[in-house]
Amino acid sequence: MREISKPKRLLLTFCVLSSLFLLSQFYRVSNAVIAPNLIQDLGLNAELLGFLGGAFFYVFTLLQIPMGPMLDRIGPRMIMSVSCLVGALGAFLFSFGNSFQAVLIGRILIGAGMAPMLMGAFKTFTLRYPPEKFATLVGMISAVGTIGNIFAASPLAFFTSTIGWRKTFLLTGMITILLGFLVFWVLGGEESEKGKPSVSPSSEPEMGIFQSIRLIIGSLAFWQFGAVAFFRYGTFVSLQGLWLGPYLIYIKGFSPVEAGNLLILLAIGIILGSPIGGRLSDRHLQSRKGVALAGLSLYCLSLLPLAGFWKMEHPFLFGLVFFFIGFFHGFGMLIYAHAKDLFPISISGMVMTYINFFTMAGAAIFMPILGTVSYTHLRAHETP
């Protein structure tokens, strides 16, 4: 077989890694669309449905702790390939499950299989791509992954209504296996997996796991990154996946279709904002901290119109606010690039996955809290 040139291999590598993250995002939010089918076919109530949806997040979050050292020492190739098989097994079990226990185990395996996809991609970017392109690549893969959220909406509803949710997840499991073989193949071209980037060789001494952990948790910068990741994603995913829909429908009187169209602007904002933020950081302003700080500050400001200080009624205003919330939220991905630059490259996987632990923990904690607040607010609004 003719050898693929390095630029083409790098492009192909990015495409495969982006597809895996897109798949992870799809799995993450897919339960919302098929919830009525799960209730009808398996007899689930709201409590069991919520537990089933949260299972992905909890196992995904916990696995970030061992995932970092594994990516640094074993390498993204083996970790991501094996994880694809685990995720596919979960998808198959989920599609064939006839009880809550069966689909729960399937959902847990899906979460475990998808746990290394984004951080594995980041580690690969560190090892195989020029460092001055890292933030741009992070922004681009974030944009592609957001498309997975869109696929888990109307396209998933279409497939569910035509071939059924079981066959849909059976097909998704097959795609997961295919991507597992592709990532194993495409990452096999260079022997640069274990901590030393092929583009800029490093003479850093090897660090033990416990020494690496002490270095990371002893850094004030790490805890600052963690706090930003926790609140940034926790607030956003709670608004996108839980609070804004009922707010628009029950408080503002929009139809479900109108609300859905407005919420898509959050995703469109991320798709545009993430690569723009990365490009500004890499090529124009050449600053991780400055671009991330400016973007996150504007993200906070864009949330203010939702605080009720002034009335918004027109769909255009809501759409504009939602777009900018998504756009500036995308700049927050630069915290991974900033953190990677501050620590030895040999432990970059550990640093980024530990920050991602705070990201997913934010989702796990904020969603039930804002869910309770949202429910209380809706009940108060309905009470005459």
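Details of the structure are given in the entry above.
Here goes a summary of the coordinates provided. As the structure is a prediction and not an experimental result, all values here were calculated from the model.

Remarks on the overall build of the protein
Counting its secondary structure elements, the protein contains 17 helices and zero strands. Counting every position in the protein, which comprises 384 residues, the buried fraction comes to 52%. Sequence separation of at least 24 residues holds for 83% of the intrachain contacts in the protein that already meet a minimum separation of 6. Accessible area of the protein: about 17,300 Å², with a carbon and sulfur share of 71%.

Thoughts on the packing of aromatic side chains
Using the criterion set out here, one finds 29 aromatic pairs in the structure. Measuring from ring centre to ring centre gives 4.9 Å for Phe-94 and Phe-169, while their planes differ by 50°; the resulting arrangement is tilted. Of this pair, Phe-94 sits in helix α5 (residues 76-96) while Phe-169 sits in helix α10 (residues 165-186); the two residues are 75 residues apart in sequence, bridging distant segments of the chain. There is no split in this pair, since Phe-94 and Phe-169 are both buried. Put simply, the rings of Phe-14, Phe-122, Phe-125, Tyr-129, Phe-134 and Tyr-336 touch in pairs and so form one group of aromatic residues. In this structure, Arg-28 packs its charged tip against the face of Phe-60, placed 5.2 Å from the ring centre. In this arrangement the basic side chain of Lys-340 is found over the ring face of Phe-134, its NZ or CZ atom lying 4.4 Å from the centre.

Re the packing of helix α14 (residues 288-303) against helix α16 (residues 334-342)
At a minimum axis separation of 9 Å, α14 and α16 run at an interaxial angle of 150°. Between α14 and α16, the angle is such that the two are roughly antiparallel. Once α14 is placed against α16, the crossing between them reads as left-handed. Taking contact as the criterion, the partners of Arg-288, Lys-289, Val-291, Ala-292 and Leu-296 in α14 are, on α16, Leu-334, Ile-335, Ala-337, His-338 and Asp-341. When the residues that make up the contact of α14 with α16 are grouped by side-chain class, the tally is six nonpolar, one polar and three charged.

Some remarks on α14
Over its 16 residues, α14 runs 23 Å from end to end, which matches the ideal 22 Å to within 8%, given 1.5 Å per residue. Here α14 has its buried residues at Arg-288, Val-291, Ala-292, Gly-295, Leu-296, Tyr-299 and Ser-302. With its buried residues spanning 120° around the axis, α14 presents them on a single face. Opposite the packed face of α14, turned more than 90 degrees from it, sit the exposed residues Lys-289, Leu-293 and Leu-301.

Structural notes on the nonpolar core
Phe-122, Phe-125 and Phe-322 are the most contacted members of the largest nonpolar core, which has 104 residues in total. If one sorts the elements of this core by residue count, helix α12 (residues 220-251) sits on top with twelve residues. Excluding residues within four positions of it along the chain, Phe-322 makes contact with Leu-244, Leu-248, Leu-262, Leu-263, Leu-265, Leu-266 and Leu-306.

Some words on empty space enclosed by the protein
Evaluation of the coordinates by the stated rule reveals two cavities of 30 Å³ or more. Of the volumes computed, that of the largest cavity is approximately 290 Å³. Contributing to the lining of the largest cavity are 21 residues, with Phe-21, Gln-25, Arg-28, Tyr-233 and His-329 lying nearest its centre. When contributions to the lining of the largest cavity are tallied by element, the ones reaching two or more residues are α1 (6-29), α8 (134-151), α12 and α17 (348-382). A per-element tally of the lining of the largest cavity places α12 first, with five residues. Counted by class, the lining of the largest cavity contains eleven nonpolar, eight polar and two charged residues.

What counts and how
- Sequence order sets the numbering: in each chain, residues are counted from 1 along the sequence as written.
- Only residues with pLDDT of at least 70 get local features here, since the model is predicted, and only at 80 or more are side-chain atom pairs given and counted; chain-wide, interface and lining totals rely on the full set of residues.
- Water and hydrogen atoms play no part in the side-chain values, which are based on all heavy atoms of the structure.
- Each helix is a run of H or I in the DSSP string that is no shorter than four residues. Each strand is a run of E no shorter than two, and both are numbered from the N terminus.
- Burial here depends on accessible area, computed with a 1.4 Å probe over protein chains only, as a share of the maximum for the residue type. Under 20% is buried, over 50% is exposed, and the range in between is partly exposed.
- Residues count as neighbours in contact if any of their non-hydrogen atoms are within 4.5 Å of one another.
- The protein chains shown are the only cover counted for residues, whose accessible areas, like all others here, come from Shrake-Rupley with a 1.4 Å probe.
- Only centres within 6.5 Å qualify two rings of Phe, Tyr or Trp (six-membered ring in Trp) as a pair; their planes then separate them into stacked at under 30 degrees, edge-to-face at over 60, and tilted for everything else.
- Lysine NZ or arginine CZ positioned within 6 Å of the ring centre and within 35 degrees of the ring normal marks a charge as sitting over the ring.
- Lines fitted to C-alpha atoms define the axes here, with helix axes fitted over just the stretch in contact, and angles between the N-to-C directions of these axes take values from 0 to 180 degrees.
- Every angle not falling under 35 degrees, over 145, or within 65 to 115 is termed oblique; those three ranges are roughly parallel, roughly antiparallel and roughly perpendicular.
- What makes a crossing left-handed is the near helix being turned counterclockwise from the far one by less than a right angle; a clockwise turn instead makes it right-handed.
- Note on residue classes: Ala, Val, Leu, Ile, Met, Phe, Trp, Tyr, Cys and Pro are nonpolar, Asp, Glu, Lys and Arg are charged, and everything else, Gly too, is polar.
- Under the convention used throughout, the expected extent of a helix is 1.5 Å for every residue step, that is, one less than its residue count.
- When we speak of the arc, we mean the arc of directions from the helix axis to the C-beta atoms.
- Nonpolar core, defined: a set of buried Ala, Val, Leu, Ile, Met, Phe, Trp, Tyr and Cys residues in which side-chain atoms within 4.5 Å join the residues together.
- A pocket, in this scheme, is an open set of points on a 1 Å grid over the protein atoms alone with protein on both sides within 12 Å along at least 5 of 7 lines, while a cavity is a set where a 1.4 Å probe fits but cannot get out; residues line either one if an atom lies within 4 Å of a point.
- Grid points are joined across faces, edges and corners, and a volume is the space filled by probe spheres set on the points.

Remember that the coordinates give geometry; whether it matters functionally is a separate question.
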